[in-house]
Amino acid sequence: MVCEFSRGGFSRPGFIRKVDRSVEFFEALNAAHSSGKVYAVAVIAETDGTTPRHPGTKMIIYEDGSQSGTIGGGEIEQQVLTDARTVFVSRKPLLKIYPVIRSDGEESGRETIYIEPVFPRSRLILCGAGHVAGKLIPLAKSIGFHVTVIDIRDEAMVHERAAAADRFILAASWAEGLDGIPDTADNWFIACAFNFDQDEEILFHLLQRRSAYIGMLASSYKRKTIYNHLVERGIPEASLARVHSPIGLQIGAETPEEIAVSIAAELVKERCRKTDTE
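Since the structure is predicted, the reported quantities are computational estimates derived from the model, not experimental observations. (Residues numbered from 1 in each chain as written. Predicted model: local features only at pLDDT ≥ 70, side-chain atom pairs only at ≥ 80, totals over all residues. Heavy atoms only, no water.)

> An account of the packing of aromatic side chains is requested, with residue identities and associated values reported.
Applying the stated criterion across every chain, the model contains 4 aromatic pairs. Ring centres of Phe145 and Trp188 lie 5.4 Å apart, and the angle between their planes is 75°; this geometry places the pair in the edge-to-face category. Separated by 43 residues along the polypeptide, Phe145 in strand β7 (residues 145-151) and Trp188 in strand β9 (residues 187-191) bring together distant segments of the chain. Exposure class is identical for Phe145 and Trp188. Each is buried. Seen in terms of ring centroids, Phe196 and Tyr221 are 6.2 Å apart; in terms of plane orientation they differ by 50°. Their pairing is tilted. Highlighted residues: Phe196 in helix α6 (residues 196-206) and Tyr221 in helix α7 (residues 220-232), separated in sequence by 25 residues. Connected via pairs of aromatic rings, a cluster forms that spans Phe145, Trp188 and Tyr213. The ring of Phe204 is capped by Arg233, whose NZ or CZ atom sits 4.0 Å from the centre of that ring. (Phe/Tyr/Trp six-rings, centres within 6.5 Å; stacked < 30°, edge-to-face > 60°. Helix = DSSP H or I, 4+ residues; strand = E, 2+ residues; numbered from the N terminus. Buried < 20%, exposed > 50% of the residue type's maximum accessible area, 1.4 Å probe, protein only. Lys NZ or Arg CZ within 6 Å of the ring centre and 35° of its normal.)

> Report on the environment of Arg271, specifying residues and quantitative values.
Summarising the element assignment, Arg271 is placed in helix α9 (residues 256-277). According to the relative accessible area criterion, Arg271 is partly exposed, its value standing at 24%. Counting along the chain gives 217 residues from Arg271 to His54, while the straight-line C-alpha distance between them is 40 Å. Sequence-distant contacts of Arg271, that is, excluding residues within four places in its chain, are made with Ser122, Ile143, Gly144, Phe145 and Trp188. (Contact = heavy atoms within 4.5 Å.)

> How would you summarise the pattern of salt bridges if you had to cite specific residues and measurements?
Counted by the stated rule, this structure contains 12 salt bridges. Note that Glu257 and Lys135 form a salt bridge whose closest N and O atoms lie 3.6 Å from each other. In this pair, Glu257 is assigned in helix α9 and Lys135 in helix α3 (residues 131-142), connecting sequence segments 122 residues apart. A relative accessible area of 38% means that Lys135 is categorised as partly exposed. Of the charged contacts in the structure, one is a salt bridge between Arg153 and Asp151, with a shortest N-O distance of 3.0 Å. The two residues Arg153 and Asp151 agree in class, both being buried. (Salt bridge = Lys/Arg side-chain N within 4 Å of Asp/Glu carboxyl O.)

> Got a sec to walk through the sheet that holds strand β11 (residues 243-244)? Specific residues and values, please.
Taken in spatial order, the 6 strands make up an open sheet running β8-β7-β6-β9-β10-β11, and their pairing is parallel. Only two strands of the sheet have a single neighbouring strand rather than two, namely β8 (167-170) and β11. As paired strands, strand β6 (residues 122-127) and β7 are joined by 6 bridges and run parallel to one another. Bridged to Leu126 within β7 is Val149. Across the sheet, helix α4 (residues 155-162) lies against β7 and β8, angled at about 165° from β8, the strand it touches most. (Pairing = 2+ DSSP bridges. Axes fitted to C-alpha atoms, helices over the stretch in contact; angles between N-to-C directions.)

> Tell me about unusual backbone geometry, and name the residues and values.
Here the residue pair Ser245 and Pro246 is connected by a cis peptide bond, since its omega of -5° sits within 30 degrees of zero. By the element assignment, Pro246 lies in the loop between β11 and α9. With phi around 65°, Arg91 is a residue other than glycine that occupies positive phi space.

> How would you summarise the pairing of strand β2 (residues 58-62) if you had to cite specific residues and measurements?
Within β2, 4 of the 5 residues are buried, leaving the element largely enclosed by the surrounding structure. Where strand β1 (residues 39-49) meets β2, 5 bridges bridge the pair, whose relative direction is antiparallel. Counted as the bridge partner of Ala40 is Ile61 from β2. Remark: 4 residues form the turn of the hairpin made by β2 and strand β3 (residues 67-69), two consecutive strands paired antiparallel; Gly65 in that turn has positive phi of roughly 95°.

> Describe the environment of Ser103, with residues and values.
Within the fold, Ser103 resides in the loop between β4 (94-101) and β5 (107-118). On the accessibility criterion, Ser103 (86% relative accessible area) is exposed. For the pair formed by Ser103 and Val38, sequence separation is 65 residues and the distance between their alpha carbons is 35 Å.

> Any details on the sheet that holds β4? Residues and values, ideally.
Taken in spatial order, the 5 strands make up an open sheet running β3-β2-β1-β5-β4, and their pairing is antiparallel. Each edge of the open sheet carries a strand with a single partner, namely β3 and β4. Within this sheet the neighbouring strands show an average axis-to-axis angle of 25°, counted without direction.

Function cannot be read off these values alone, since they describe shape.
This is the structure in structure tokens:
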């Protein structure tokens, strides 16, 4: 790294080290955000007396207890790691004063540290880039979902509708497309393909995965037909209860735009219900 400042600027070794540390932190922060993992940022907001680090010192704490960076190590850092676990559960930030204790047991100063949890956007995976999916993508993003679209048709047929998604997976089969999605319990899925057989195949794979929500765009007749086929293929009837279908709140929706609104409303309802029960 090269810094050149004229007329008595900031080309001091200490300044360069601070810049380097800041770059490293924000690179780590970007990696944490991109990982889709839950994490917290701990920042020394204020110090009083003799303390090992200065205000503005930051570190990232992951939900599994691992960390990136340090706020000085020692007993205070261990206390912050412990408090971070509470923050992950409460989902609320914490501002706390920590005493700095010398080796002789006396207090030499205090650090006020702010710990804020960061939760990734819920992931909505649309299996099928049809007309309703095309209208649902911007709505889902506007209410806080990270939207992935999977399709198996020729890209030219679906690219325009899927272009607004955060991620687009073009696959040879639904199984291949879903392999690109981590099998985690916080995924939201909607089967909205272009015919009965495709939605049946999608549900067959989704019901063998973990999820926060599974919905299927279907009429009552389509749902009954697909469910019967899935039971014949070995899917337990009890598992079918996980599927929301017909999908969307009952608001008399008919057009793709109206149906997308009804689905978005159901997603909000289900997300609030889950939050209230956590």
